Amino acid sequence: LLLLLLLLLLLLLLLPAPLPVEDFSCMTEFLETAGQAVAAVPNSKVSIVQFSNDTRVEVPLGAWKKAAFEAGIKNMVRMNGGTNIATAVAKAGSLFKACSSCGPSTRRVLVLLTDGRIDSYQAREAGQMVAQLADEQANVGLWAFGVGRGVDAPELMRIIEGPGAGAKGLGQERYVELCVRDDAPW
């Protein structure tokens, strides 16, 4: 499940789908809180994208409007499937690119809420997509919030750093445990 939030002028929240109901509730509560922060930023735009094997735009990218944002969260139905972070990042990139009122100096923020549990091929693909997003778009910041059981924090940090960026240590600075629980004992 991925949540993408585009803020400060563009906030894109990506929300992953295959999480248990209690983790999904944690994410939607976070979204409500994030919405309050977005409201404090003049001229901000926001979108919520839920993902699994595919993506679904829950709140279209646009000016932040409290009623529409809260309705989008309330009406979300949890998707089932995998955790395809690369697809979610690609969707975020297309939303950023489509913003006609966003110039090169517009700050773009992508917020990913996920357990980050993906195989090595998908992790490589996600890291490459992050690098491509950074190359193609100006002023992109990527943050990851760990949610669920057995969050793979090191993998999430590698993904948000992009290939070859580990020496900068940005992954650790931009990773936050939101609703992390230990793996089930079985």
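So, how was this worked out
Within any chain, residue numbers begin from 1 and follow the written order of that chain's sequence. Only residues with pLDDT of at least 70 get local features here, since the model is predicted, and only at 80 or more are side-chain atom pairs given and counted; chain-wide, interface and lining totals rely on the full set of residues. Water and hydrogen atoms play no part in the side-chain values, which are based on all heavy atoms of the structure. The helix count covers DSSP runs of H or I at least four residues long, the strand count covers runs of E at least two residues long, and both are numbered beginning at the N terminus. Only protein chains enter the accessibility calculation, which uses a 1.4 Å probe; a residue is then buried when its area is under 20% of its type maximum, exposed when over 50%, and partly exposed in between. It only takes one pair of heavy atoms within 4.5 Å for two residues to be counted as in contact. Residue exposure ignores everything except the shown protein chains as possible cover, and the areas themselves are Shrake-Rupley values with a 1.4 Å probe. Between rings of Phe, Tyr and Trp, where Trp is taken as its six-membered ring, a pair exists when centres lie within 6.5 Å; planes separated by under 30 degrees are stacked, by over 60 edge-to-face, and by other angles tilted. Interaxial angles span 0 to 180 degrees and are taken between N-to-C directions of axes, which are lines fitted to C-alpha atoms, for helices over the stretch in contact. Gly falls in the polar group here, along with every residue not listed as nonpolar (Ala, Val, Leu, Ile, Met, Phe, Trp, Tyr, Cys, Pro) or charged (Asp, Glu, Lys, Arg). Working definition: a disulfide is two cysteine sulfur atoms within 2.5 Å of each other. Nitrogen and oxygen atoms within 3.5 Å of one another constitute a polar contact, given that in protein one can donate a hydrogen and the other can accept it, and given that sequence-neighbouring residues count only through two side-chain atoms.

### Observations concerning the overall build of the protein
- Check the secondary structure of the protein and you find six helices and seven strands.
- Ordered by position in the sequence, the α and β elements of the protein form the string β-β-α-β-β-α-α-β-α-β-α-α-β.
- Taken across its 186 residues, the protein has 51% of its residues classed as buried.
- Of the contacts formed within the protein by residues at least 6 apart in sequence, a portion of 76% connects residues at least 24 apart.
- Carbon and sulfur atoms make up 51% of the accessible area of the protein, which totals about 8,800 Å².

### Observations concerning the side chain of T55
- Within the element layout of this structure, T55 appears in strand β4 (residues 55–63).
- What T55 contacts, discounting residues up to four positions off in sequence, is V49, Q50, T87, A88 and K91.

### Things to note about the packing of aromatic side chains
- Under the counting rule described, the total for this entry stands at two aromatic pairs.
- With 4.8 Å between their ring centres and 45° between their planes, F30 and F145 make a pair best called tilted. Remark: F145 occurs in strand β6 (residues 140–149) and F30 occurs in helix α1 (residues 21–39); sequence separation between them is 115 residues. Neither residue differs from the other here; F30 and F145 are each classed as buried.
- With centroids separated by 6.1 Å and ring planes inclined at 50°, the aromatic side chains of W64 and F69 adopt a geometry described as tilted.
- Among the residues examined, W64 registers a relative accessible area of 21% and is labelled partly exposed.
- Look at F69 and you get buried, because its relative accessible area is 2%.

### Concerning the packing of helix α4 (residues 120–136) against helix α5 (residues 153–161)
- Contact pair α4 / α5: the axes reach a minimum separation of 7 Å and the direction vectors enclose 35°. Residues A123, A126, G127 and V130 of α4 touch α5, and the partners they reach there are E155, I159 and I160.
- Taken together, the residues that form the contact of α4 with α5 break down as five nonpolar, one polar and one charged.

### With respect to unusual backbone geometry
- Unlike most non-glycine residues, N43 shows phi in positive territory, near 65°.
- Counting through the fold element by element, N43 comes out in the loop between α1 and β3 (45–51).

### Notes on the state of the cysteines
- Inspection of every chain in the model, using the stated rule, returns one disulfide.
- Put simply, C99 and C102 are joined by a disulfide, and their sulfur atoms are 2.0 Å apart. Of note, the bridge from C99 to C102 carries an S-S torsion of about 55° and is right-handed in sense.

### Topic: the environment of G116
- Structurally, G116 can be placed in the loop between β5 (107–114) and α4.
- Taking the relative accessible area as the measure of exposure, G116 reaches 0% and is therefore buried.
- C-alpha of G116 to C-alpha of A153: the two residues are 37 residues apart in sequence and 7.1 Å apart in space.
- Residues within four places of G116 in sequence aside, it is in contact with I85, D152, E155 and L156.

### Let's talk about α5
- Taken across its nine residues, α5 has seven buried, putting it largely inside the fold.
- Listing the buried residues of α5 in full gives A153, E155, L156, M157, I159, I160 and E161.
- Here α5 starts with a cap whose side-chain oxygen sits 3.2 Å from the backbone nitrogen of E155, and that cap is D152.

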